[in-house]
Amino acid sequence: MITVFLLSFCQVEAQHCVWYGECGESVKVPGKKYNCKYTGSPIPLQSEGYDLLTELCPGYDYGNRSLCCNVDQLRTLKGSLQLPLQFLSRCPACFFNLMNLFCELTCSPHQSQFMNATKVDNINVLEVQYYIGQTFSNAMYNACRDVQAPSSNVKALSLLCGKDAKDCNATNWIQYMFNIENGQTPFPIIPIFSDVPVSGYTPMNNKTYACTEGLEDGSGPCSCQDCTKACGPKPVPPPLPPPWTILGIDAMTVIMWISYIAFLLIFIGAVLGAWCYRKRTIMSEYGPILDSNNPLSLNSDNPDQVNASCCETLGERFENVLRLIFSSWGSFCVRHPSVVLLGSLILVVASSGGLVYMRITTDPVDLWSAPTSQARQEKDYFDSHFGPFFRTVQLIITSPLQINFTYSPYFGGSDVPFGAVLDKDILHQVLDLQLDIEGLVATYEGQNVTLKDLCLAPLAPYNNNCTILSVLNYFQNSHAVLDHSIGDDFFVYADFHSHFLYCVSAPASLNDTTLLHDPCLGTFGGPVFPWLALGGYDETNYNNATALVITFPLNNYLNDTVKLGKALAWEKEFISFMKNYKNPNLTVAFSAERSIEDELDRESNSDIRTIVISYAIMFIYISLALGHIHSFNRVMVDSKISLGIAGILIVLSSVASSLGIFSYFGIPLTLIVIEVIPFLVLAVGVDNIFIIVQTYQRDERMPQEELHQQIGRILGDVAPSMFLSSFSETVAFFLGALSNMPAVRTFSLFAGLAVFIDFLLQISCFVSLLGLDAKRQEGNRLDIICCVKLPEGQEAKTESFLFRFFKKVYAPFILKEWVRPIIVAVFVGMLSFSIAVVNKVEIGLDQKLSMPDDSYVLDYFKNLTEYLHTGAPVYFVVEDGLNYSSPEGQNVVCGGVGCNNNSLVQQVYAASLISNYTTIAFTPSSWLDDYFDWVKPQSTCCRYYNNTGTFCNASVVNSSCVHCRPMTPSGKQRPEGDDFMRFLPMFLSDNPNVKCGKGGHAAYATAVDLHPNNTGVGATYFMTYHTILKESPDYIDALKMARILAENISQIATDKNRKCNSSFFRGCSLIYIFLLCSVFYVFYEQYLTIAYDTALNLSVSLASIFVVTTVLLGFELWSAVIVSLTIAMILVNMFGVMWLWNISLNAVSLVNLVMCCGISVEFCSHIVRAFSISVKKNRVERAEEALEVNTFFGITLTKFGGILILALSKSQIFQVFYFRMYLAIVLLGATHGLIFLPVLLSYIGPTVNKAKVFAANQRYAGTERERLLNY
C-alpha cells in the first residue's frame, strides 16, 4: 500500500538529497520513470557518467562529483532536454540558464535547500515543490524570449511554452516545462517563485547570463536575431515623403492653373493686338494682282523666276520626284492590272505561308517579362538550381452561417470566441470536401492521375503523404482525431478547441500540452502555419478566423511535357469538381495554377463574337461609304461595295503577311497582337482608301486625259501624303520594338511591318482595282454583278452632303475670327489639365480586370484580398561561389552566435521588424543555422554507424550509432572544412521526429543545391514571406523594397570580398543576392520602370515621326514641328482620359499609347501636308482648303461604329483597355485633327513654299485647274 507523506514544513539540512536514481515507471506518463526517494547525503557519480556531467552540468564537474543523481538520471535529463537543446542552444546564455534550472533540480547536492518532496510512496517521489528565485526565472526567460526557430519562422518559445510566444512569460513557461501534460515530466513538479525564503526553503537563485553576455567557456553573446537587446535600437523606417503642395493644394494643379491663365492673358493680348493692327492697315482688294513685286503674282514681270530659298527649292524638287514616281506607278497599275494583282497575290500568299509556323504565346511569363530582365534571369536561375516553383491549387472557404460561439477552457483562463468556420460540424464538412479533392482521379492519355502522383511530398519515400496546408492537418486530416476529446459525463477537459489553440501557437509540435496529446505537425511531416491556413482574423487571434484556406502545392515541371500534362489534367478535373460542388453551409472560392490561363482563353473565345460584330460593322460602313450615289437609278452603278470589300481584304492580307513573315523567323504571336493589330491596320488602311477614292470622285478629268493618266495624277497628288503617314508610323513602331517589354516589342514589330505592307498593297493592288472599278462605272455596269449593264446615261458629278458640309459650313465656322481663340483656349485648357494629372495615373494592372465578368476566379481574387493575412513567399538566393566551409563564409549569411550583425539572415530579420515598410513579414528560415544546431555533439540528431559511416536517425536505438562530433571544445564549435560537407548531406536527408525536430529533409531538401558527389555547396536560398499584398501598388512596392534589401546585402558582401582570401571565397568570387517570390516578381518588374519606358517609347516615336515628316514634307521643319506638337498633345490628353476613366498604365495601355501615336499621324499628317502645298493667299484660306482632305469619312466614322460594340464585351479588359482607350484615341485624334490643328495652322502654320507655288503655276498653266490657284 502506498503511503503518502506530507513534508511541507520539514526543516532540511545542507547536503541533503530529495531523491537519487530512478525507480518505478510513471503511471501518468508511460515510458518515463519516477525518481527514487532518498534523503541521505550526495553520492559520488560513477565514472561512466563523467562525460555526461561535463556535457550537461559542467558546474558540478569538480572534486569527487558528489551529487543527488546517478548516470540514469543524467541520461533521462539529456533525453528530456533534446527538444529545448535543438531550439535554444543557438543562444548560449539562454541554454546555459535553462540547463542551470534543470541541473539544480536533478543533481544539486543542495537539493533540500530549495526542493520539497510533497508526495512519496515507499520508494518513489511522486511530487515535489521547486522553489525558484523570481530573479532567476525572469532572467532565464529574458535571455530566451527572442530566440528564433529558423525552420518555422516563429520564436522558439512558441514550440516550448505550450502557447504562442507573445502569451508566454517566465512563470507559465516554467510551469509548462514541469507539467506532466507536456509528455516529458513523469511526475508533477510545482514551481514556487520567490526571491526570499519561503517556509524554511531558500529559492534557487543561481547566477544567470543575459543574452548580451558571453559565457566563461568562450561562447559569445547571442545574435541580434535571438536577442533584441544585442541589436541596438529598433530600425525606424524613413518617413514617407510629404505630398508636393503649394498652399495646401497639389503643386502640379497650381502650376498648370497659373500657366494656363498666363497663356490665356498672353494669347488674348496677342489676338487683340493683331486684330487692331489689321484694322489700321487698309489694303487694296487688287493688291495681289497689281503687286508686280510679289514673285507669286500671276502678273509678275518674270513669271519664269521665283525668289525661293534653297530649302524651298529642294523641298519642291523632292515633292516633284515623289509625284512623278507615284504618278508613273499609278498609271502602270491601271494599265496592267492583271500583272499587279497576280504579283501582289503571289507575294501575299508567300508571306502568309509562314502562318503554318505560327506560335501563339499564352505563358504569362513570356508575355510580360523579357528574357533579359532581372526578374526573368533570377527566375531562370532559381528554376535551374532548385526546380520550378510549385503549382498552387487553393480554396478559400467561408460560411454564410452566423453561429459564432465561445469556448470556456476547463482548467481556467479567459473565454475564447470562435468563428463559424471553426465550428466542428463545419470542420467535418470541410474535411469531407478536402478528402474528396484528395480522391479525385483524372485521365491523361489513358492513364489515371491522382493527387499523389503530382503533390509535393517532402519526406518521400519515407512518408508519401501530400503536403496540404490546411487547418485540418492539425487533426491529421482525420474525422476521428477531430472528434477526439477527453472528459467525463459532466465536463470536457480537452477537445478540438484546446488542440486548435495549442497548434496555432506551436504548429511544429509533435505532442500538444492538453490531455489529448495529439500532434500538430501535418501528416506530410511539416508544420502548417496558421497564417497560411486561416484568414479573416485580427492580429494573431486565429480563433476569430472567418475563412479557412486550403492549399495543395503540386510539383511543377519545366521540360517534362508528360508530367506537366498530367498536372494540367488533374487541375482540370479539380476545377470541374469545384464548379459542381454545392454545400449550403460553405461558400468556396477556388483557383488552380491553370485557372488564369484557362479564363484568358475562354475570354478570348467569348470575345470573338464581339470582335467579329465590331469588324463587320466597320466593313459594312466601308463598303457602303466608299460609293458616291448620284441618283437612285444608279445606286448599283455608283456604289463601290466590291471595291470596299477588296480594300478590306487588302488590309487583312497585310496583317496576314506581317504575321507570316515574322512566323518564318520563329517570333511568336501574342493575344495583344491578334486583337490590336487588325484594328490599327484597318484604321490606317481605311483612311488611305477613302483618301484615294474620294479624291478620284471629286476630280475632273482633264481634256485628252485618259483614265490611267487621271488615276496616276491623283496618286501622284495623294500618295506622298499616304507615304508620309505610313512611313512615319512604320518607323515609329519599329523603334518601339526597342522596348524591353515583350508585349510592346512584339506588337511594335508586327504593327510596323503590317502598316508598311498595307501601304504597298494600297498603292499597287488597290489602285489597279480602282482602275477596273472606274472602267466598270464608266461602262454603266452594276457593282458586284459586273455582267449586267444599264442603258447609257452619264450623270453629272456632285459633291457629297458631308463634303459640302465640311467645305461650306464647318470649315468657315471653326476658322471664324471669334471662334478660333475659343478653340485654342479649350484645347490648351485640356492640355493643362492632362499635364496636371499625368503623375496621378495609377501604375499596374488589377488582375481582376483580366478575367471575364462571370469568372469563378473573380470570387477567388476577392476573397484573396479580403481574407488572407500573409503574402507570397520570397526567396533570398545566394549564388554558387560562397565557401560555406569557412567561418568567414558562414558569417556572411547565418543568423546565430558569432554571425555578422549585417549578415543576410540578420538583415532580413531587421527588415521584418518594420514589415509595414519593408513588406518582409517574418525572419527567414535558415538552413545553415538549423544545420549548426543539428550537428552539435550535445544533440542526438547527428549520428552515424561507426562500422559503415552511414547516417543513423535519432529515432534509431543501436549501440553502433555514435555522435558525429566529439564532446570537446573544438567539437562544440561549428563544423568547418571537410566536416562541414561530410555531415551536410545527412542533415538534408534527415526527417524530423520526436527526438530530433531539426532534421532538414522536409524544410530544406530543395534549399541547398549540392555539387556533384557532395563536394561542395552551390546555390542556396533563404525563404520568408511578404506581408499581405492586395493591389498592384502593393506588389510593386514589395518588389521595390525587396530589391533594395537585396542590394544592401549584396553591397555588404561585396565590401567583404575586397578583404577576402582564398579560404573565404573560392577565387574571391562575388556573393550576389537576388530574389524570387512565387512568380509575381516576373509580372510586376515591368512596373518599376514603366513610367521611364513609356516616356522613352513615346519620345522615340515622336522623334521618328518628326524626322520622317521633315524629310517627306520637303524639309519643311516647321510643318514637322506642328505635326509632332499636335500628336504630343493627343498623347498627353490620353493620360488625362486615363486618369478620369481609371485606366492604369501597364503593358496593355502602353501598347495602346504606341498605337495612338501611330494613328494620330493619320489625323494630322494629311491636313498638314495639304496646308503646306496649298497656294491660297493666307493661312486661314489654306487651312480651310486643307480641311477638304480630312479623316472624318475614313478613320473617324469607321472606328466609331466598331468601337461602340466593344462596350458590350464580357471581358473587363476589353471594356477598359480597348473600348475606353480606343474611343478616347479616336475622339481625341478627330478633335485635334479636325478642330484644333486647322486653327493652329491658321495662326502659326508654315509660310507658303514659293517654289511649290511657282511649280503649281507652271504645271497647271493653260488648264482648267489654273482657276483654282486664286492668284
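Each remark here, short or long, concerns the structure printed above.
Nothing here was measured: the structure is a model prediction, and the numbers come from that model. Sequence order sets the numbering: in each chain, residues are counted from 1 along the sequence as written. Local features in this predicted model are restricted to residues whose pLDDT is 70 or higher, and side-chain atom pairs enter the listing and the counts only when it is 80 or higher, whereas totals over whole chains, interfaces and linings include all residues. Side-chain measures were taken over the full set of non-hydrogen atoms in the model, leaving aside hydrogen atoms and water.

1. Re the overall build of the protein chain
Line of reasoning, step 1. A tally of helices and strands in the protein chain yields 43 helices and 29 strands.
Line of reasoning, step 2. To sort residues, take the accessible area from a 1.4 Å probe on protein chains only and compare it with the maximum for the residue type: under 20% means buried, over 50% means exposed, and anything in between is partly exposed. Split into buried and exposed, the 1271 residues of the protein chain put 56% on the buried side.
Line of reasoning, step 3. Contacts between residues were defined by any pair of non-hydrogen atoms, one from each residue, lying within 4.5 Å. Pairs at least 24 residues apart make up 74% of the contacts formed inside the protein chain by residues separated by at least 6 positions.
Line of reasoning, step 4. All accessible areas in this document rest on Shrake-Rupley with a 1.4 Å probe, and a residue is counted as covered only by the protein chains that are shown. Surface accessibility of the protein chain: about 52,600 Å² in total, with carbon and sulfur atoms responsible for 60%. Runs of H or I in DSSP of at least four residues are treated as helices and runs of E of at least two as strands, each being numbered from the N terminus.

2. Re the sheet that holds strand β22 (residues 587-591)
Line of reasoning, step 1. Sheet architecture is open: 4 strands sit in the order β20-β21-β13-β22, paired in antiparallel fashion. Two strands close off the open sheet at either side, each with one partner strand: β20 (534-535) and β22.
Line of reasoning, step 2. Bridge count between strand β13 (residues 391-398) and β22: 5 bridges; the pairing is antiparallel. From the neighbouring strand, Thr 398 faces β22, where its bridge partner is Thr 587.
Line of reasoning, step 3. For helices, the fitted line uses only the C-alpha atoms of the stretch in contact; every axis is such a line through C-alpha atoms, and the angle between N-to-C directions lies from 0 to 180 degrees. Helix α15 (residues 424-438) contacts β13, β21 (547-554) and β22 of the sheet and is inclined by roughly 15 degrees relative to β21.
Line of reasoning, step 4. Across the sheet, helix α19 (residues 561-579) touches β13, β21 and β22, and the angle it forms with β13 is around 15 degrees. At least two bridges found by DSSP between two strands are what make those strands a pair.

3. Re unusual backbone geometry
Line of reasoning, step 1. In this chain, Ala 460 is followed by Pro 461 through a cis amide linkage whose omega measures 5 degrees.
Line of reasoning, step 2. With respect to the helices and strands, Pro 461 occurs in the loop between β17 (447-450) and α16 (479-483).
Line of reasoning, step 3. Look at Asn 1013: it is not a glycine, yet its phi comes out positive at around 60 degrees.
Line of reasoning, step 4. Here Asn 1013 lies in the loop between β27 (1008-1010) and β28 (1017-1027).

4. A look at the packing of aromatic side chains
Line of reasoning, step 1. Each Phe, Tyr or Trp ring (for Trp, its six-membered ring) is paired with any other whose centre lies within 6.5 Å, and the angle between the two planes then decides the class: stacked below 30 degrees, edge-to-face above 60, tilted in between. One pass over the structure, following the stated rule, counts 55 aromatic pairs.
Line of reasoning, step 2. Seen in terms of ring centroids, Phe 813 and Trp 818 are 6.0 Å apart; in terms of plane orientation they differ by 85 degrees. Their pairing is edge-to-face.
Line of reasoning, step 3. Judged by its relative accessible area of 40%, Phe 813 is partly exposed.
Line of reasoning, step 4. Taking the relative accessible area as the measure of exposure, Trp 818 reaches 54% and is therefore exposed.
Line of reasoning, step 5. Members of the aromatic cluster, joined through ring pairs, are Tyr 931, Phe 932, Trp 934, Phe 951, Phe 980, Phe 987 and Tyr 1004.
Line of reasoning, step 6. Think of it as a cone above the ring: NZ of Lys or CZ of Arg counts as a charge over the ring if it is within 6 Å of the ring centre and within 35 degrees of the ring normal. One residue, Arg 820, lies across the ring of Tyr 1243, its end atom 4.5 Å from the ring centre.

5. Comments concerning the nonpolar core
Line of reasoning, step 1. As used here, the term nonpolar core means buried Ala, Val, Leu, Ile, Met, Phe, Trp, Tyr and Cys residues forming a set that is joined through side-chain atoms within 4.5 Å. Among the nonpolar cores identified, the biggest contains 345 residues, and Leu 101, Trp 173, Trp 570 and Phe 574 are the most heavily contacted of them.
Line of reasoning, step 2. The leading source of residues in this core is helix α25 (residues 742-778), at 18 residues.
Line of reasoning, step 3. Discounting chain neighbours no more than four positions away, the residues touching Leu 101 are Tyr 130, Ile 132, Phe 136, Met 140, Ile 174, Met 177, Phe 178 and Met 204.

6. Focus on the pattern of salt bridges
Line of reasoning, step 1. Here, a salt bridge means any Lys or Arg side-chain nitrogen found within 4 Å of an Asp or Glu carboxyl oxygen. Evaluated as defined, the whole model comprises 23 salt bridges.
Line of reasoning, step 2. Across the pair Arg 90 and Asp 226 runs a salt bridge, and its minimum N-O distance is 2.9 Å. Placement of the pair is Arg 90 in the loop between α3 (82-88) and α4 (92-107) and Asp 226 in the loop between β9 (189-193) and β10 (245-246), with a sequence separation of 136 residues.
Line of reasoning, step 3. Judged by relative accessible area, Arg 90 falls into the buried class, the value being 3%.
Line of reasoning, step 4. Note that Asp 717 is salt-bridged to Arg 323, the shortest N-O span being 3.7 Å. Linking Asp 717 in helix α24 (residues 707-736) with Arg 323 in helix α11 (residues 310-335), this pair joins segments that are 394 residues apart in sequence.
Line of reasoning, step 5. Residue classification places Asp 717 among the partly exposed residues on the basis of a relative accessible area of 22%.
Line of reasoning, step 6. Each of the salt bridges in this network shares a partner with another, and the network as a whole consists of Arg 90, Asp 226, Asp 930, Asp 933, Lys 936 and Lys 998.

7. Some thoughts on helix α8 (residues 170-177)
Line of reasoning, step 1. Along α8, 6 of the 8 residues are buried, which leaves the element largely enclosed by surrounding structure.
Line of reasoning, step 2. Regarding α8, the residues found buried are Ala 170, Asn 172, Trp 173, Ile 174, Tyr 176 and Met 177.
Line of reasoning, step 3. For the purposes of these results, a polar contact is taken to be a pair of N or O atoms within 3.5 Å, where, inside protein, one atom must be able to donate a hydrogen and its partner to accept one; residues adjacent in sequence count only when each atom of the pair is a side-chain atom. Two to three positions downstream of the cap, the backbone nitrogen of Thr 171 sits 3.1 Å from a side-chain oxygen, assigning the N-cap of α8 to Asn 169.

8. Notes on α24
Line of reasoning, step 1. Taking 1.5 Å per residue, 30 residues should reach 44 Å; α24 reaches 41 Å between its end C-alpha atoms and fits that length.
Line of reasoning, step 2. Two axes define the bend at a residue: one fitted to the seven residues ending there, one fitted to the seven starting there, and the bend is the angle between them. Approximately 40 degrees is the largest bend angle found in α24, and it occurs at Val 718, with the proline Pro 720 only one to four residues beyond.
Line of reasoning, step 3. Counting buried positions along α24 yields 24 of 30 residues, so the element is predominantly enclosed. A helix's residues, less one, multiplied by 1.5 Å, set its expected span.

9. With respect to the environment of Val 841
Line of reasoning, step 1. Within the fold, Val 841 resides in the loop between α27 (819-837) and α28 (856-867).
Line of reasoning, step 2. Classification of Val 841 by relative accessible area gives buried; the value is 9%.
Line of reasoning, step 3. C-alpha separation for the pair Val 841 and Gly 1136, spaced 295 residues apart in sequence, amounts to 8.1 Å.
Line of reasoning, step 4. Apart from the residues lying within four places of it in its own chain, the contact partners of Val 841 are Phe 1135, Met 1138, Trp 1139, Ile 1143 and Leu 1145.

Any functional reading would require information beyond the geometric quantities listed.
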